[in-house]
Amino acid sequence: TFFKKTQDKAVIQHYRTMFAWVNASTQFTTAAKADFAGAADGWVVAFAKVNGLTVVTQEAFAPSARKTAPIPNLCIQFSVDYVNLFEMLEELQVRFVLSTKRPRRA
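All values derive from a computational prediction rather than experimental measurement. Each residue is numbered by its place in its chain's sequence as written, counting from 1. Confidence filtering applies because this is a predicted model: local features only for residues at pLDDT of at least 70, side-chain atom pairs given and counted only at 80 or more, and all residues used for totals across whole chains, interfaces and linings. Side-chain metrics in this entry use all non-hydrogen atoms of the structure; hydrogen atoms and water are not considered.

**Remarks on the layout of surface pockets**
Thinking step 1. Put simply, the largest pocket is a space of about 240 Å³.
Thinking step 2. In this analysis, the protein atoms alone were mapped onto a 1 Å grid. Cavities are point sets where a 1.4 Å probe fits without being able to get out; pockets are open sets with protein on both sides within 12 Å along at least five of seven lines; lining residues have an atom within 4 Å of a point. The wall of the largest pocket is formed by 13 residues, among which Phe 2, Lys 4, Val 44, Phe 47 and Leu 53 lie closest to the centre.
Thinking step 3. Starting at the N terminus, helices and strands are each numbered in turn, a helix being any DSSP run of H or I of at least four residues and a strand any DSSP run of E of at least two. Where the lining of the largest pocket is concerned, the elements lending two or more residues are α3 (41-51) and β1 (55-56).
Thinking step 4. Looking at the lining of the largest pocket element by element, the count peaks at four residues for α3.
Thinking step 5. Across the lining of the largest pocket, the residue classes tally to nine nonpolar, two polar and two charged. Grid points are joined across faces, edges and corners, and a volume is the space filled by probe spheres set on the points. Note on residue classes: Ala, Val, Leu, Ile, Met, Phe, Trp, Tyr, Cys and Pro are nonpolar, Asp, Glu, Lys and Arg are charged, and everything else, Gly too, is polar.

So this is what it looks like as structure tokens:
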């Protein structure tokens, strides 16, 4: 159950909408549009949109991006929440503890 399917009709429809938005945009280069078509980014954002999830990405919002369609740009355009890794760790209250004990070798 760790891996989720994107075959849900709503996910497919949202992906189509995102794909159409990227392709219709005069902002993105032809290569950026082709990269988007071959990458999973749109599917991740569409899945998050349908399922009310937050996308975790290290990409930054880039309003003038031309060579790529950054995930945060998609998230903002389609009202999907996103955070970076450090924001996620903080929100989950993850703490890393440095141990002085050496692990035993088998």
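**Brief notes about the nonpolar core**
Thinking step 1. Core analysis: the biggest nonpolar cluster contains 18 residues, and Phe 36, Val 45 and Val 80 have the highest contact counts within it.
Thinking step 2. Whether two residues are in contact is decided by their heavy atoms, any of which lying within 4.5 Å being enough. Those residues within four positions of Val 80 in sequence are excluded, and the remaining contacts are Val 45, Ala 48, Lys 49, Leu 53, Val 55 and Cys 75. What is meant by a nonpolar core is a set of buried Ala, Val, Leu, Ile, Met, Phe, Trp, Tyr and Cys residues, joined one to another through side-chain atoms within 4.5 Å. Relative accessibility decides the category of a residue: with a 1.4 Å probe and only protein chains considered, values under 20% of the type maximum give buried, values over 50% give exposed, and everything between is partly exposed.

**Considerations on the packing of aromatic side chains**
Thinking step 1. Any two of the Phe, Tyr and Trp rings considered here, Trp counted by its six-membered ring, make a pair once their centres fall within 6.5 Å; the pair's planes then place it as stacked at under 30 degrees, edge-to-face at over 60, or tilted in between. For the coordinates displayed, the defined rule picks out six aromatic pairs.
Thinking step 2. Note on Trp 21 and Phe 78: the rings are 5.7 Å apart at their centroids and 90° apart in plane angle, and the pair reads as edge-to-face. Placement of the pair is Trp 21 in helix α1 (residues 9-24) and Phe 78 in the loop between α4 (71-77) and β2 (82-83), with a sequence separation of 57 residues.
Thinking step 3. Relative accessible area serves as the criterion here: at 13%, Phe 78 is assigned to the buried category.
Thinking step 4. Put simply, the rings of Tyr 15, Phe 19, Phe 36 and Trp 43 touch in pairs and so form one group of aromatic residues.

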